Amino acid sequence: MTTSGERDLSPSSSLCLECDLCCDGSIFSHFELSLSNCDRLGVDHSNSSRLYFLCQHLDGKCCSIYPSRPKICASYRCKTLTALENGDISPAEAHDTIHRAAKLRREFEQAIPTGITRKQAIVCVVTDQCPEEASDEQFLRLRLAYVALQAMVDRHMRHKGDKVVRSAMRSN
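Basis of the calculations
Residues numbered from 1 in each chain as written. Predicted model: local features only at pLDDT ≥ 70, side-chain atom pairs only at ≥ 80, totals over all residues. Heavy atoms only, no water. Axes fitted to C-alpha atoms, helices over the stretch in contact; angles between N-to-C directions. Helix = DSSP H or I, 4+ residues; strand = E, 2+ residues; numbered from the N terminus. Parallel < 35°, antiparallel > 145°, perpendicular 65-115°, else oblique. Contact = heavy atoms within 4.5 Å. Nonpolar A, V, L, I, M, F, W, Y, C, P; charged D, E, K, R; others polar. Expected span 1.5 Å × (residues − 1). Buried < 20%, exposed > 50% of the residue type's maximum accessible area, 1.4 Å probe, protein only. Arc of directions from axis to C-beta. Core = buried A, V, L, I, M, F, W, Y, C linked by side-chain atoms within 4.5 Å. Phe/Tyr/Trp six-rings, centres within 6.5 Å; stacked < 30°, edge-to-face > 60°. Lys NZ or Arg CZ within 6 Å of the ring centre and 35° of its normal.

(A) Examining the packing of helix α5 (residues 91–111) against helix α6 (residues 118–127) more closely. For the pair α5 and α6, the least separation of the axes is 10 Å and the interaxial angle reads 90°. Taken as axis vectors, α5 and α6 run roughly perpendicular relative to one another. Where α5 abuts α6, its residues Arg105, Phe108 and Glu109 lie against Arg118, Ala121 and Ile122. Each residue belonging to the contact of α5 with α6 can be placed in one class, and the counts come to three nonpolar, no polar and three charged.

This is how it looks when you write it as C-alpha cells:
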C-alpha cells in the first residue's frame, strides 16, 4: 500500500490507468462480443454483437467492470504496453508516449465545434461530411487534430492490422 491508501501498481497497470485510449474510441470504433457477453453487458445483439466506443463502462480512466470485463478487453495490449512489458522501452518512455497521445486527444476534443459530439466529429472527419454548423476553418482544424491523433495512435498504440478488435474465441 502507498501512503495514499492505493495499491502499488505494476508499471503496466499504472500505464493503462493513465491512458484509456483503447476504451475511448481513439484506437478502435468497436469490437465484437460473444452473445453471452452481450447479454451480460446489456448490449442489444438483435442487429449486431458489437460494443461501440466510447465504452459505456469507462468511468474516468477506469473500467467499472474491470474484474468481469470481456476477455477481449483483458487480453488487449497496445504497442506501447507490449514494448513496456517486453522491456523494449522504459516506464518513463511509455508514460511520455501516453502523455503525448493524451495531449493530441485533448487537442482533437478542443477542435470539435460546439453542438457536435465526439462521435459525430469522428464521422465528420472520416466521411468529409460535417454538419452545416461547422465552418470550413473549424472542419480543417478538426481534421488536422484528428489526423495528428491517429498518426500517434498508428505509430505507438495500434498494431499492424488492428482496425477493429475481433474476438478470436466467440465463447468468451
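On we go.
(B) Structural view of helix α7 (residues 136–156). In a regular helix each residue adds 1.5 Å, so 21 residues correspond to 30 Å; α7 covers 30 Å between its end C-alpha atoms and thus fits that length. Within the span of α7, buried status applies to Phe139, Leu142, Ala145, Tyr146, Leu149, Gln150, Met152, Val153 and His156. Projection of α7 onto a plane perpendicular to its axis shows the buried side chains occupying an angular sector of 160°, all on one side. In α7, those exposed residues whose orientation departs by more than 90 degrees from the buried face are Asp136, Glu137, Leu144 and Arg155. On its buried face, α7 is in contact with α4 (79–85), α5 and α6.

(C) Focus on the nonpolar core. One finds Ile27, Phe108, Leu142 and Met157 to be the most contacted residues of the largest nonpolar core, which totals 40 residues. Ranked by residues supplied to this core, first place goes to α7 with seven residues. Other than its neighbours up to four places away in sequence, methionine 157 contacts Leu21, Ile27, Tyr76, Cys78, Lys79, Thr80, Thr97, Ile98, Ala101 and Met152.

(D) Representation of unusual backbone geometry within the structure. Phi is positive for aspartate 20, which is not a glycine, with a value near 75°. Counting through the fold element by element, aspartate 20 comes out in the loop between α1 (11–19) and β1 (30–32). Residue aspartate 20 is classed as buried on the basis of its relative accessible area of 9%. Its identity is not glycine, yet aspartate 128 carries a phi of approximately 60°, on the positive side.

(E) Spotlight on the packing of aromatic side chains. If you walk through the whole model with that rule in mind, you get one aromatic pair. Between phenylalanine 108 and tyrosine 146 the ring centres are 5.4 Å apart and the planes differ by 55°, which places this aromatic pair in the tilted class. Within this pair, whereas phenylalanine 108 is found in helix α5, its partner tyrosine 146 is found in helix α7, the two being separated by 38 residues in sequence. Of the two residues, phenylalanine 108 and tyrosine 146, both sit in the buried class. Positioned above the aromatic ring of tyrosine 66, the side-chain terminus of arginine 69 is 3.8 Å from the ring centre.

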